[in-house]
Amino acid sequence: MIRIHVQLRCVLGKSVQVMALPFTYPSWWKSAWVWKSMKHLRKTMHAPANGLFYAICYPILAAIGVPANLMVILILIRGRCGLSLCITYYLVAIAVSDFLVIITAVILNRISRIYFQNSVLSITPMCSVSSVLVYSTRDGSVWLTVAFTIDRFIAICCQSLKTTYCTEKTASLIIGLICVISWAKNIPFFFVYQPLYVLDGVPWFCDIKSIFYTSPIWQAYDWLDHILTPFLPFFLILVLNALTVRHIFAANRARRRLRRNGNHEDPEMANRKKSIVLLVTISLSFLLLWATYVGQFLFVRVTNEGYYTSLNFNNPQYILQETTNMLQLLSSCNNVFIYAVSQIKFREELKKMLMCIFTMPIARIKQL
């Protein structure tokens, strides 16, 4: 005899309940009716990837994000971009965190979920661990960006604190604290999920427990999670960048008044303009790509709807959710382009690396 536990979701009013229904069948039915029913259940709840847009875009994100972040790391650690060690530490940490986001969220979570649904990554424990990794790397990437913004604000607007705060030692300490706190904060997500169904004692896929939407403790944790990422980073990046830009403009006006002949170019003002371009670009990129994430969270809270856990590519709620995830993940791929546009020396080093990558194979072929 075999025992199969099938979890069915019943919507009662606005609350969601999950029931485990036991069924007992003769063992010789396992290869016939039971397996056929389980196969149909998998197709219903976790249909194959028929959403062509997402099936193509996630591999493109991985194909761009992995080499882009690796190039950023390699270029920055060489120290030829004219940046201080403090800035380099932050930018390298952000690139490493973004690289981990692409590995965990795009490759191990999204691509594997679309193309390899019945792999070991689809069992409930691995699915839960994957969620913790995704949230931890995401939070690390966001808060490292905030830490870099704070460092630049102090360096530009608070000259008295610059010598003590904007140092390699302080940067290393802050980067380490952000990484540890990001991982510790997201461990509770491991206990949010339950199996979508259990087949032969193996729990498959992740379904959010109904208690997550009803328990005051989980509700408080969910609000805290969204306040820390991305609401508070939104506020800090907007305020600090606005104050930094205002300070730069005020300093530029004072510098123009001090210079009698305004026809000559001022290298200091040119550098400040580049700083404004870098800060504004990073801020707008973060705000635009995370805006739908904030909107989805508010939609869930206002309508009392749950997060969609199936793979129905025709469902508008799933399309919104996946679009939100995709835009959020896109923010981990665009730093190389921001640096290339705003930093001349970085752009030169990037050209050298690309030339080296494309010319070395040709040189090897010619030697043969």
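Let me sum up the structure you'll find in this document. (Residues numbered from 1 in each chain as written. Predicted model: local features only at pLDDT ≥ 70, side-chain atom pairs only at ≥ 80, totals over all residues. Heavy atoms only, no water.)

## Description of the overall build of the chain
Along the chain, the regular secondary structure elements total twelve helices and six strands. Counting across all 368 residues of the chain, residues that qualify as buried make up 45%. Considering only contacts within the chain whose residues lie at least 6 apart along the sequence, 74% involve residues at least 24 apart. Total accessible area on the chain stands at roughly 19,800 Å², and carbon and sulfur atoms take up 70% of it. (Helix = DSSP H or I, 4+ residues; strand = E, 2+ residues; numbered from the N terminus. Buried < 20%, exposed > 50% of the residue type's maximum accessible area, 1.4 Å probe, protein only. Contact = heavy atoms within 4.5 Å. Areas by Shrake-Rupley, 256 points an atom, 1.4 Å probe, with all protein chains shown as cover.)

## A look at the state of the cysteines
This structure, assessed with the given rule, holds one disulfide. Each disulfide pairs two cysteine sulfurs, and for C127 the partner residue is C206, the sulfurs being separated by 2.3 Å. Of this pair, C127 sits in helix 4 (residues 124–157) while C206 sits in the loop between strand 5 (202–204) and strand 6 (207–208); the two residues are 79 residues apart in sequence, bridging distant segments of the chain. Taking the relative accessible area as the measure of exposure, C206 reaches 9% and is therefore buried. The closest cysteine sulfur to the non-disulfide-bonded C166 is located on C86, 5.4 Å from its own sulfur. (Disulfide = S-S within 2.5 Å.)

## Some details on the packing of aromatic side chains
Applying the stated criterion across every chain yields a total of 13 aromatic pairs. Their ring planes at 75° and their centres at 5.6 Å tell us that Y339 and F346 sit as a pair that is edge-to-face. Just as Y339 is buried, F346 falls in that class too. Following the ring pairs from residue to residue traces out a cluster consisting of Y135, F189, F212, Y213, W218 and Y221. (Phe/Tyr/Trp six-rings, centres within 6.5 Å; stacked < 30°, edge-to-face > 60°.)

## Overview of a nonpolar patch on the surface
A cluster of nonpolar side chains, namely W223, I227, L232, F235, L238, V239 and L243, defines an oily patch on the protein surface of about 580 Å² accessible area. By the element assignment, L232 lies in helix 8 (residues 216–258). (Patch = residues over 30% accessible without salt bridge, like charges linked within 9 Å, V, L, I, M, F, W, Y side chains within 5 Å. Salt bridge = Lys/Arg side-chain N within 4 Å of Asp/Glu carboxyl O.)

## Observations regarding the nonpolar core
Among the nonpolar cores identified, the biggest contains 36 residues, and V72, L76, Y90, F148, Y339, F346 and L350 are the most heavily contacted of them. Elements with a contribution of two residues or more to this core: helix 2 (52–77), helix 3 (85–115), helix 4, helix 6 (168–185), helix 9 (267–303), helix 11 (335–342) and helix 12 (344–367). If you tally residues by element for this core, the top one is helix 3, at eight residues. Counting residues in each nonpolar core, the second largest holds 17 residues, with C57, I111, M326 and L329 among its members. (Core = buried A, V, L, I, M, F, W, Y, C linked by side-chain atoms within 4.5 Å.)

## Quick notes on the packing of helix 2 against helix 10 (residues 316–330)
Remark: helix 2 packs on helix 10, axes separated minimally by 11 Å, with the N-to-C direction vectors making an angle of 15°. In terms of their interaxial angle, helix 2 and helix 10 are classed as roughly parallel. Regarding helix 2 and helix 10, the two cross each other, and that crossing is left-handed. For the pair formed by helix 2 and helix 10, the contact residues are F53, Y54, C57, Y58 and L61 on the first element and I319, E322, T323, N325, M326, L329 and L330 on the second. (Axes fitted to C-alpha atoms, helices over the stretch in contact; angles between N-to-C directions. Parallel < 35°, antiparallel > 145°, perpendicular 65-115°, else oblique. Left-handed = near helix turned anticlockwise from the far one by under 90°.)

## Quick notes on the pattern of salt bridges
Inspection of every chain in the model, using the stated rule, returns seven salt bridges. Taking the shortest distance from any N to any O, the salt bridge between R78 and E349 comes out at 3.9 Å. Residue R78 is found in the loop between helix 2 and helix 3, and its partner E349 is found in helix 12; the two are separated by 271 residues along the sequence. Overall, the relative accessible area of 40% leaves R78 in the partly exposed class. Judged by relative accessible area, E349 falls into the buried class, the value being 7%. The partner of R138 in a salt bridge is D139, and the shortest N-O contact between them spans 2.7 Å. Residue R138 is classed as buried on the basis of its relative accessible area of 4%. One network of salt bridges, in which partners are shared, links R138, D139, K185 and D225.

## So, the side chain of R110
Tracing the backbone shows R110 in helix 3. By relative accessible area, R110 is classed as buried at 13%. Here R110 is in contact with Y58, A105, E322, N325 and L329, once residues within four sequence places are set aside.

## A word on helix 10
The end-to-end C-alpha distance of helix 10, which contains 15 residues, comes to 21 Å, matching closely the 21 Å that a straight helix rising 1.5 Å per residue would cover. Looking at helix 10, one finds that the buried residues are Y318, Q321, E322, T324, N325, M326, Q328 and L329. (Expected span 1.5 Å × (residues − 1).)

## Looking at the side chain of K185
Considering the arrangement of structural elements, one finds K185 in helix 6. Contacts of K185, omitting those with residues within four sequence positions, involve R138, D139, Y221, D225 and L228.

## Focus on helix 2
Taking 1.5 Å per residue, 26 residues should reach 38 Å; helix 2 reaches 38 Å between its end C-alpha atoms and fits that length. Looking one or two residues beyond helix 2, the residue adopting positive phi is G79, at roughly 70°.

## A word on the packing of helix 2 against helix 12
Two elements in contact, helix 2 and helix 12, have axes whose closest approach is 10 Å; the angle formed by their N-to-C orientations is 115°. When the axes of helix 2 and helix 12 are compared, the pair comes out roughly perpendicular. For helix 2 against helix 12, the interelement crossing comes out right-handed. For the pair formed by helix 2 and helix 12, the contact residues are M71, V72, L74, I75 and L76 on the first element and F346, E349, L350, M353 and L354 on the second.

The values are spatial; any link to function lies outside them.
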